[in-house]
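Structural features, examined
If you want the building blocks of each chain, they are given just below.
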Amino acid sequence: QVHLVESGGGLVQPGGSLRLSCAASGTIFRVYYMGWYRQAPGKQRELVAGITSGDNTNYVDSVKGRFTISRDNAKMTVYLQMNSLEPEDTAVYYCNANIIALGSARRDEYWGQGTQVTVSS
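Below, the structure is looked at part by part. Fair warning: this is a prediction, and the values are worked out from it, not measured in the lab. (Residues numbered from 1 in each chain as written. Predicted model: local features only at pLDDT ≥ 70, side-chain atom pairs only at ≥ 80, totals over all residues. Heavy atoms only, no water.)

**Side note on the overall build of the protein chain**
On a plain count of helices and strands, the protein chain comes out with 0 helices and 11 strands. Along the protein chain, helices (α) and strands (β) appear in the sequence β-β-β-β-β-β-β-β-β-β-β when read from the amino end. Counting only C-alpha atoms, the protein chain reaches 50 × 25 × 25 Å along its principal axes. Carbon together with sulfur atoms contributes 47% to the accessible area of the protein chain, which is approximately 6,400 Å² in total. Of the charged side chains in the protein chain, 11 are positive and 10 negative; the average position of the first set lies 5 Å away from that of the second. (Helix = DSSP H or I, 4+ residues; strand = E, 2+ residues; numbered from the N terminus. Areas by Shrake-Rupley, 256 points an atom, 1.4 Å probe, with all protein chains shown as cover. Lys, Arg positive; Asp, Glu negative; His and termini not counted. Charge placed at Lys NZ, Arg CZ, Asp CG, Glu CD.)

**Topic: the sheet that holds strand β8 (residues 77–82)**
Spatial ordering of the open sheet is given by β1-β3-β8-β7, a layout of 4 strands whose pairing is antiparallel. What marks the edges here is a single partner per strand, and that holds for β1 (2–7) and β7 (67–72). Put simply, the sheet's adjacent strands are angled 15° from each other on average, direction ignored. Judged from the 6 bridges that link them, β7 and β8 form a sheet pairing that is antiparallel. Within β8, the position partnered with Arg71 by the bridge is Val78. (Pairing = 2+ DSSP bridges. Axes fitted to C-alpha atoms, helices over the stretch in contact; angles between N-to-C directions.)

**Describing the nonpolar core**
If you look at soluble globular proteins, the nonpolar side chains tend to sit buried side by side. Counting residues in each nonpolar core, the largest one holds 31 residues, and the members touching the most others are Trp36, Leu80, Met82, Tyr93 and Ile99. Per-element accounting of this core gives the leading share, 6 residues, to strand β9 (residues 91–101). Among all residues touching Met82, those that are not within four sequence positions of it are Gly16, Ser17, Leu18, Leu20, Arg66, Phe67, Tyr93 and Val117. (Core = buried A, V, L, I, M, F, W, Y, C linked by side-chain atoms within 4.5 Å. Buried < 20%, exposed > 50% of the residue type's maximum accessible area, 1.4 Å probe, protein only. Contact = heavy atoms within 4.5 Å.)

**With respect to the environment of Pro87**
Mapped onto the elements, Pro87 comes out in the loop between β8 and β9. Overall, the relative accessible area of 44% leaves Pro87 in the partly exposed class. Separated by 30 residues in the primary sequence, Pro87 and Val117 place their C-alpha atoms 9.7 Å from one another. Aside from chain neighbours lying at most four places away, what touches Pro87 is Pro14 and Val119.

**Things to note about the side chain of Arg66**
By secondary structure assignment, the location of Arg66 is in the loop between β6 (57–59) and β7. Here Ser84 takes part through its backbone oxygen, which lies 3.0 Å from a polar atom of the side chain of Arg66. In this structure Arg66 touches Gln81, Met82, Asn83, Ser84, Leu85, Glu86 and Asp89, once residues within four positions along its chain are discounted. (Polar contact = N/O pair within 3.5 Å; in protein donor to acceptor, adjacent residues only side chain to side chain.)

**Focus on the state of the cysteines**
Disulfide: a covalent bond formed between the sulfur atoms of two cysteine residues. Going through the model one piece at a time under the given rule, you end up with 1 disulfide. Disulfide pairing places Cys22 opposite Cys95 at an S-S distance of 2.1 Å. Handedness of the Cys22-Cys95 disulfide follows from its S-S torsion of about -80°: it is left-handed. Of this pair, Cys22 sits in strand β3 (residues 18–26) while Cys95 sits in strand β9, and the two are 73 residues apart along the sequence. By relative accessible area, which is 0% here, Cys22 ends up buried. Residue class for Cys95 comes out buried when judged on its relative accessible area of 0%. (Disulfide = S-S within 2.5 Å.)

Here it is in structure tokens:
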């Protein structure tokens, strides 16, 4: 089995920073694309940032210049450094990864359980 476990969410004031982490664990052969999504109340889930195994990154326009995605392939972990947080960033943040599990011949998509980020004074 494969699991994605997130950590690092919480309550922060506007202008503050948080760092999210997501570690993949289990019977894994290889981890490919990893990303962070978020879903605010009453809104659709959206891609915030993604990173390939070759460290190519992409971001939604609203977080460019404020958020940075990175990964540690040896630890099978992806990070999201969030600076200059705004109330509009309040959402549940989900980790996503494309992984080939041991014994499998295909890539499957996996999701973390989500971590709440609240930006409020």
